[in-house]
Amino acid sequence: MELLRPESAEAAASALANGAVALAGGTEVVPLIREGILAPETLVQIDQVVPKGIRSGWIGGGTTLGELEVDPQMPAALREACSLAASPQLRAMGTIAGNLLQATRCWYWRLRFPCRLHGGDRCFAREGEHREHAILANDFCASAHPSDVAAALHALSATVVTDRRRLPIAEVYRLPSEDDRRTTTIQTGELILELEYQPPVASTYLKAMDRNRYAFALVGVAAARYESGTRLALTGVAPIPWVIETPADLERATPLPRNAYKLEIATALVRRALEAVA
Ligand SMILES: Cc1cc2nc3c(=O)[nH]c(=O)nc-3n(C[C@H](O)[C@H](O)[C@H](O)COP(=O)(O)OP(=O)(O)OC[C@H]3O[C@@H](n4cnc5c(N)ncnc54)[C@H](O)[C@@H]3O)c2cc1C
Ligand code: SF4
């Protein structure tokens, strides 16, 4: 396997055009290679071309979760989402851009079952084990989005700046469908360079896990209060991060036989998050 270290975003984009894979902290890419899900001939290390750093309202895409969780300029929702994600070692390596583009933790997918996200015609989770899976938009694929950070950035009305365009964070994600199995709209070779967000009046991130630390969210809820109103976003409940306008939107949930408990958790966390930012 070849490792390239381009010195400009243009050079990285052209290196990535040939089926190569971008490598940031590698905390997701390396396990996917080990599991045989990715088999790139070329890895493109992007640490020299993706900005790092933190200012009020601005984050370099190469900034690690560990740097974000301790920065007092960061809104509480983002600090808390970072500090509750993964382990300290992973947060020291994992970047915010890589976190947004991490793949599903659905074990059928990770074990390479020929499911719909792998291009097949079945969702093994819907038919089988789905305790940790989605309760919203779960008809085609019931995977639950794993990123705590993405929920916080949705609540913070973030904009993603790539080497090609600017887009609201909600447009980074798409629900997979028969015609297109991807869960992100970021194109091959497109690099996330920066994130911008609206500093809120108050914000929080609450996360329910199977254990107190080092676990993915069963449900994560971010709330950010602005003069214009409060924004709510969830992770762990749908194949992509999920924005709700009001708590009543959770009534649209379609839980599977073994994950209705997630709706109760989501309802309680939304109520607590709204109280916390009131
Ligand atoms: C054991 C474990 C537990 C975890 N627990 C949590 C958790 O509780 N909550 C949570 O939110 N996350 C969790 N994570 C995910 C972790 O936070 C991510 O793996 C990490 O943030 C990814 O960042 P990275 O820089 O290592 O990405 P990489 O592994 O380098 O890349 C990840 C993906 O993003 C792409 N990519 C990276 N940077 C860019 C860029 N700038 N532009 C375009 N594409 C890019 C890569 O090509 C790849 O597809 C966990 C991971 C592990 C392994
Ligand atoms: S939930 Fe999605 S990723 Fe998991 S088995 Fe079903 S189609 Fe595949």
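Further up the page is the structure itself.
Attention in this report is confined to the structure presented alongside it.

Calculation rules
Residues numbered from 1 in each chain as written. Chains lettered and ligands numbered in written order. Predicted model: local features only at pLDDT ≥ 70, side-chain atom pairs only at ≥ 80, totals over all residues. Heavy atoms only, no water. Phe/Tyr/Trp six-rings, centres within 6.5 Å; stacked < 30°, edge-to-face > 60°. Buried < 20%, exposed > 50% of the residue type's maximum accessible area, 1.4 Å probe, protein only. Near = heavy atom within 4 Å. Nonpolar A, V, L, I, M, F, W, Y, C, P; charged D, E, K, R; others polar. Polar contact = N/O pair within 3.5 Å; in protein donor to acceptor, adjacent residues only side chain to side chain. Helix = DSSP H or I, 4+ residues; strand = E, 2+ residues; numbered from the N terminus. Patch = residues over 30% accessible without salt bridge, like charges linked within 9 Å, V, L, I, M, F, W, Y side chains within 5 Å. Areas by Shrake-Rupley, 256 points an atom, 1.4 Å probe, with all protein chains shown as cover. Salt bridge = Lys/Arg side-chain N within 4 Å of Asp/Glu carboxyl O. Core = buried A, V, L, I, M, F, W, Y, C linked by side-chain atoms within 4.5 Å. Contact = heavy atoms within 4.5 Å.

**A word on the packing of aromatic side chains**
Turning to step 1, where the next piece is worked out: Across all of its chains, the model carries three aromatic pairs by this definition.
Turning to step 2, where the next piece is worked out: Centroid distance Tyr-108 to Phe-113: 5.1 Å. Interplanar angle 85°. Geometry classified as edge-to-face.
Turning to step 3, where the next piece is worked out: Judged by relative accessible area, Phe-113 falls into the partly exposed class, the value being 31%.
Turning to step 4, where the next piece is worked out: With 6.1 Å between their ring centres and 25° between their planes, Tyr-108 and Phe-124 make a pair best called stacked.

**A word on the site of ligand 2**
Turning to step 1, where the next piece is worked out: Inspection of the region around ligand 2 gives 13 residues, with Cys-106, Cys-115, Cys-123, Cys-141 and Ser-143 positioned closest.
Turning to step 2, where the next piece is worked out: Class assignment for the residues of the shell around ligand 2 results in 10 nonpolar, two polar and one charged.

**Section: the site of ligand 1**
Turning to step 1, where the next piece is worked out: Around ligand 1 sit 31 residues in total, of which Ala-22, Gly-25, Thr-27, Thr-95 and Asp-148 are the nearest.
Turning to step 2, where the next piece is worked out: Thr-27 places a side-chain nitrogen or oxygen 2.7 Å from an oxygen atom of ligand 1.
Turning to step 3, where the next piece is worked out: In the environment of ligand 1, an oxygen atom lies 3.1 Å from a nitrogen or oxygen atom belonging to the backbone of Ala-86.
Turning to step 4, where the next piece is worked out: Secondary structure elements with two or more residues in the shell around ligand 1: β2 (21–23) and α6 (96–100).
Turning to step 5, where the next piece is worked out: Taken together, the residues of the shell around ligand 1 break down into 18 nonpolar, nine polar and four charged.

**Considering a nonpolar patch on the surface**
Turning to step 1, where the next piece is worked out: Judged by side-chain polarity, Trp-107, Leu-111 and Phe-113 come together as a nonpolar surface patch covering roughly 340 Å² of accessible area.
Turning to step 2, where the next piece is worked out: Residue placement: Trp-107 occurs in helix α7 (residues 107–110).
Turning to step 3, where the next piece is worked out: When its relative accessible area of 52% is taken as the criterion, Trp-107 is described as exposed.

**What to know about the pattern of salt bridges**
Turning to step 1, where the next piece is worked out: This model, assessed by the stated rule, comprises 15 salt bridges.
Turning to step 2, where the next piece is worked out: For the salt bridge of Asp-47 with Arg-5, the shortest nitrogen-to-oxygen distance reads 2.9 Å. Taken together, the residues span a long stretch of sequence, with Asp-47 in the loop between β3 (42–45) and β4 (54–55) and Arg-5 in the loop between β1 (2–4) and α1 (9–16) at a distance of 42 residues.
Turning to step 3, where the next piece is worked out: Taking relative accessible area as the criterion, Asp-47 reaches 28% and is therefore assigned partly exposed.

**Some words on the nonpolar core**
Turning to step 1, where the next piece is worked out: Formed by 37 residues in total, the largest nonpolar core has its most connected members in Ile-59, Leu-78, Ile-96, Leu-100, Val-149 and Leu-153.
Turning to step 2, where the next piece is worked out: At the level of secondary structure, the elements contributing two or more residues to this core comprise α3 (65–69), α4 (76–83), α6, α9 (148–155), β8 (192–196) and β10 (219–226).
Turning to step 3, where the next piece is worked out: Beyond its immediate chain neighbours, meaning those up to four positions away, Ile-96 contacts Ile-59, Gly-60, Gly-61, Thr-63, Leu-65, Leu-68, Val-149, Leu-153 and Leu-195.
Turning to step 4, where the next piece is worked out: Judged by nonpolar contacts, the second largest core, of 18 residues, contains Ile-135, Leu-136, Leu-234 and Val-277.

Everything listed here is a matter of coordinates, which is why it stays silent on function.
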